[in-house]
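For reference, the chains in residue letters:
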Amino acid sequence: MTTAPRPTRRGALGGMGLGALAAGLAACGGDPGAATEGAGGDAVEFVFLGDVNQRKQFEQLFAEFGEQHPEIALQAVAKSGSWAQFTYAVATQIAGGQPPDIIQMATEGQRLFASKGVLAPLDQLIARDQDEVEDYYDDIHDNLRLWSQKYGSPDGSTYYMPGGYNPIVQYCRTDLLDRAGVELPEDGFSWSDLMEAGRRLKAQGVFLMTVEQGYWHDVLPWLTNNGTSSLDEDWATATINSPEAIEAAAFARELVAKGYSPEPGGTYDAPSLMQNGQLAAFHDGAYGMVNAARIELTDAIRMVPFPHNGVHGSPVGWDAWDITEASERADEAWVFIKYLMSVEGASFFARAGGTIVPARHSVATSDAFLEGAPEGALCLVDALETATPVPSPERGPEIQDIVEEGWLQIIAGYAEPERQLKRTYDKIGPLL
Amino acid sequence: MSAAAALPTPSPAAPSPGRPRRRDLRQNWLGYVFLSPAALLFVLFIGGPFLVAIALSLYSWDLLTPPEFVGLENFTTLLQDPVLIQAFANTFLFAFASVLTHVVGALLLALAVNALASRVVSYLVRTAVFFPFIISWAAVALLWQYMLDPGFGVITHYIDRIGLTPPDWFLDPAWALPAIIGIDFWHTLGFTFIIMLAGLQTVPKQLIEAAQTDGAGRRQVFWHVTVPMMSPTLFFAMVVTFIGAFQIFDPIQIITGGGPDDATLTLVMYLYEQGFQSFRIGYASAVAFLVFVVIMAVTLLQFWGARKWVHQQ
């Protein structure tokens, strides 16, 4: 019989050190490239972007799904922050070997995830439930389907079912406009109308509208309403220094310089300014309806398209549902996606106070979405006709930062539009 | 007796200074036991990640696809990255300004407080100066954003009232970094101040009194007694302030996000952007390694320089 050697103190200490090092490496490094491993647990894991406000609506939706499909356990995981932060959090989760089953993915991350082989093609599931899918496609705008395919598929397969969308429109407080003698045009202000309205409102001590630097929220609306965008249609070439973009930036700056808009770079909150009677208009997507309700001015607000320069347009982002390649519950995940696509699911979410426009036209134009909305809320639906997808190439977050910084310099008056947008163009080029 | 005989003869049993003997280990086992939790934490949360980061800097990895070994490519890219050069310059400027303002400001403040006759006033001033340091950076950043707001900021308002045109602090590339330096000074001065005050109180009164008896004036006492005696404290404050300043992140991330036009982009901000926004984990690791090397080099340089001016008792 042999006896095991007695561990020495030195050996034990060494072992502790090596063990700790190994544990440290395992804990910190994860399993790089583990995206192909199966998701753990018994429930279908659905990851979505949700702050404390949105989470409540989602939870009601999940509870409703649970009642209809008690056989499917759903684990809904909210991640808060911006879409860029959400994308990073999900990527980290995948890299850590714990991929979810469904990722609610915004425009900003769709190309990135589809091009990395993280997602499973949905074609077979779509073919299997063709009637339900066709019913959905028939009720959503063709653009949503086309864009999801164009920008979210590297190889012709279908990876995403498009969901709700968000264009930018203008929320106008009519009593302030009336007092200043400004008539609100049905199709939104032209840029020359806007200057005149700004002059009249300033005489009343009221700001016309906000001018800021958020990429989707503030920069792109000026560009798309002047017939351009930050990148071309294929997201392959920067167009941020086009004559139309320069004109748009100069116009936005003029609103600030003339005192029609608050100084950018501060900490003001547009809806609160409007509530105090200091601001006649702010722009937003469907989330503006939540803000209008928050400041208790829903009845005093009218929604119109964003100010245009002869060309109507809007940046638009949409969320989309997918199934990860690693999912071991693809069939159950697909049941949940079909629920999200259904009239019932979409209506329930819209009624609960969703912050996006439902993809289904029938729901977006129904009381489920419009009840309690400011007058003119249908302009959100109409905007999809002339909208331009938020340019989101793989290195989109960096590009977004560069555009925002350059734009801020222009609207704050520290840089001349043409020169600054040329610099912005030069910085973006190597990232495409 | 010869000189050689006067020298102590090393005993064969005497421990060599370099390698602890087995008996010493046996005698000191309790010390190693108490050290082990700290050592374990170090390995888990500092040593391990550090080694992983070095390894990752040799890879191209976007989190979603398997890492690809690229050798030193990330480091060669570093050398040609104009944004990194800007971040490097900003970081050094910030660190240099921090060391200068914190050490000088804290020393002067400590001298003033040390000279106060009233204990009550002295404690009140100490509390007031140290208080900002215990406020989280998030709150400090928001507070100063409001104070310097171009629309309704109280500082902007008073500068305006005395007839000057206040800059848009966080929008003007010429003012953004100085504004951040100012905020950091307000927030972190208390820490350096407490160190200085502690150092000042260790200066032997007998030496000061002796110098005064010999006819030294206040200035001479300060330069020839106080400063030399405080030199270890000054050295510690400089090293710690530089390391802290080189790692500045929170206020910049919250207030300016590295803007305007990269004017406040620091190395750690850039590292964060590359790793956490652009999914360039390998490149971000290379930047992290660069930050480590620079801090290590400057700290060693400070230690080397300290031999010439730090007074050892």
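Rules used in this analysis
The residue count restarts for each chain, going from 1 along the sequence in the order it is written. All chains are assigned letters beginning with A, and all ligands numbers beginning with 1, in the order in which they are written. Selection of residues for local features in this predicted model requires a pLDDT of at least 70, selection of side-chain atom pairs for listing and counting requires 80 or more, and totals for whole chains, interfaces and linings are taken over all residues. As a rule here, side-chain values cover all heavy atoms of the structure and leave hydrogens and water aside. Axes here mean lines fitted to C-alpha atoms, for a helix over just the part in contact, with angles spanning 0 to 180 degrees between N-to-C directions. The helix and strand labels rest on DSSP assignments: H or I over at least four residues marks a helix, E over at least two residues marks a strand, and numbering proceeds from the N terminus. For a crossing to be left-handed, the near helix must be turned anticlockwise from the far one by less than a right angle; the clockwise case is right-handed. The contact criterion used throughout is that any non-hydrogen atoms of two residues lie within 4.5 Å. When residue character is reported, Ala, Val, Leu, Ile, Met, Phe, Trp, Tyr, Cys and Pro are called nonpolar, Asp, Glu, Lys and Arg charged, and the others, Gly included, polar. Two parts lose some accessible area (1.4 Å probe) when they are put together, and adding that loss for both gives the buried area. Any carboxyl oxygen of Asp or Glu that lies within 4 Å of a side-chain nitrogen of Lys or Arg is treated as forming a salt bridge with it. In the analysis that follows, any N or O atom pair within 3.5 Å is treated as a polar contact, provided that within protein one partner can donate a hydrogen and the other can accept it, and provided that, for residues neighboring in sequence, both atoms belong to side chains. Only protein chains enter the accessibility calculation, which uses a 1.4 Å probe; a residue is then buried when its area is under 20% of its type maximum, exposed when over 50%, and partly exposed in between. Convention used here: angles under 35 degrees read as roughly parallel, angles over 145 as roughly antiparallel, angles from 65 to 115 as roughly perpendicular, and any remaining angle as oblique. Only strands that DSSP links by at least two bridges are regarded as paired with each other. Note on charges: Lys and Arg go in the positive column, Asp and Glu in the negative column, and His and the chain ends are not counted at all. Every patch collects residues that have over 30% relative accessible area and no salt bridge, joining them within 9 Å if they carry like charges and within 5 Å if they are nonpolar side chains (Val, Leu, Ile, Met, Phe, Trp, Tyr). Here the accessible surface of atoms and residues is derived via Shrake-Rupley with a 1.4 Å probe, and residues count as covered only by protein chains that are part of the display. UniProt positions are given in the numbering used here, feature names are shortened, and annotations may be inferred rather than shown by experiment.

1. Points about the packing of helix 5 (residues 82–115) of chain B against helix 11 (residues 218–246) of chain B
Residue and element names in this part refer to chain B. One way to put it is that helix 5 packs onto helix 11 with a least axis distance of 9 Å and a crossing angle of 140 degrees. For helix 5 against helix 11, the interelement crossing comes out right-handed. Residue-level inspection shows Thr91, Phe92, Phe94, Ala95, Ser98, Val99, His102, Val103, Leu107 and Leu111 of helix 5 in contact with helix 11, the latter providing Phe222, Met230, Leu234, Ala237, Met238, Thr241, Phe242, Ala245 and Phe246. Of the residues assigned to the contact of helix 5 with helix 11, the class counts are 15 nonpolar, four polar and no charged.

2. Overview of the interface of chain B and chain A
The interface of chain B with chain A comprises 43 residues on the first partner and 42 residues on the second. Contact between chain B and chain A buries roughly 3,600 Å² in total, counting both sides, with carbon and sulfur atoms accounting for 64%. The largest contributions to the chain B side of the interface with chain A come from B:Leu64, B:Leu171 and B:Asp261, which together make up 21% of the buried area. Along the contact surface separating chain B from chain A lie four salt bridges. A salt bridge links B:Asp62 to A:Lys116; the nearest nitrogen and oxygen atoms lie 2.7 Å apart. Applying the counting criterion to the chain B and chain A interface returns ten residue pairs in polar contact (both at pLDDT 80 or more). Of all the secondary-structure elements, those providing two or more residues to the side of chain B that touches chain A are helix 3 (29–56), helix 7 (137–147) and helix 13 (267–276) of chain B. A class-by-class count of the residues in the side of chain B that touches chain A yields 23 nonpolar, eleven polar and nine charged.

3. Let's talk about unusual backbone geometry
Residue and element names in this part refer to chain B. In this structure, the amide linkage connecting Gly259 to the following residue, Pro260, adopts the cis form with an omega of -5 degrees. Within the element layout of this structure, Pro260 appears in the loop between helix 12 (250–255) and helix 13. For Asp261, which is not glycine, the phi dihedral falls at a positive 55 degrees. If you trace the backbone, Asp261 turns up in the loop between helix 12 and helix 13. For Asp261, a relative accessible area of 14% translates into the label buried.

4. Some details on the packing of helix 10 (residues 215–224) of chain A against helix 19 (residues 396–411) of chain A
Residue and element names in this part refer to chain A. Taken N-terminus to C-terminus, the directions of helix 10 and helix 19 make an angle of 70 degrees; their axes are 10 Å apart at the nearest point. One element, helix 10, and the other, helix 19, form an angle in the roughly perpendicular class. Seen from above, helix 10 lies across helix 19 with left-handed handedness. Touching Tyr215, Val219, Trp222 and Leu223 of helix 10 are Gln400, Val403, Glu404 and Trp407, all from helix 19.

5. So, the sheet that holds strand 8 (residues 301–305) of chain A
All names here are of chain A. The sheet built from four strands is open, its strands ordered 6-7-5-8 with mixed pairing. A strand with exactly one partner marks an edge of an open sheet, and here the two such strands are strand 6 (207–209) and strand 8. Strand-to-strand twist of the sheet, defined as the mean angle between neighbouring strand axes without regard to direction, takes the value 25 degrees. Where strand 6 meets strand 7 (residues 279–284), two bridges bridge the pair, whose relative direction is parallel. Paired with Phe207 across the bridge in strand 7 is Leu279.

6. Some remarks on the side chain of A:Lys79
All names here are of chain A. Tracing the backbone through its elements, the reader meets Lys79 in strand 2 (residues 74–79). Within the buried set, Lys79 has no salt-bridge partner at all; the shortest N-O distance to an opposite charge, 6.0 Å, is to Glu45. For Lys79, the side chain forms a polar contact with the side chain of Gln93, separated by 3.2 Å. Setting aside residues up to four positions removed in sequence, Lys79 forms contacts with Val47, Phe48, Leu49, Gly50, Phe86, Ala89, Val90 and Gln93.

7. Description of the pattern of salt bridges
Opposite charge on two side chains makes pairing possible when the charged atoms of those side chains draw close. According to the stated counting rule, one finds 22 salt bridges over all chains in the structure shown. Residues A:Arg200 and A:Glu196 are paired through a salt bridge, measuring 2.9 Å at the closest nitrogen-oxygen approach. Here A:Arg200 pairs with A:Glu196, and both are found in helix 9 (residues 191–203), just four residues apart, close to one helical turn. For A:Lys427, the salt bridge goes to B:Asp261, with nearest N and O atoms at 3.3 Å.

8. Things to note about a nonpolar patch on the surface
All names here are of chain B. A grouping of Phe50, Leu51, Phe292, Val293, Met296 and Leu300 is seen on the molecular surface, where their side chains present a nonpolar patch of about 500 Å² in accessible area. Only helix 3 and helix 14 (281–309) provide two or more residues apiece to the nonpolar patch. Tallying contributions element by element places helix 14 first for the nonpolar patch, with four residues.

9. Structural notes on the UniProt feature "transmembrane region" (unreviewed entry) in chain B
All names here are of chain B. According to UniProt, the "transmembrane region" (unreviewed entry) feature falls on residues 29–59, 92–116, 123–144, 175–200, 221–249 and 281–304. Overall, residues 29–59 shows 90% helix and 3% strand. The separation of its end C-alpha atoms is 41 Å. Each end of residues 92–116 is marked by a C-alpha atom, and these two atoms are 36 Å apart; helix forms 96% of the span and strand 0%.

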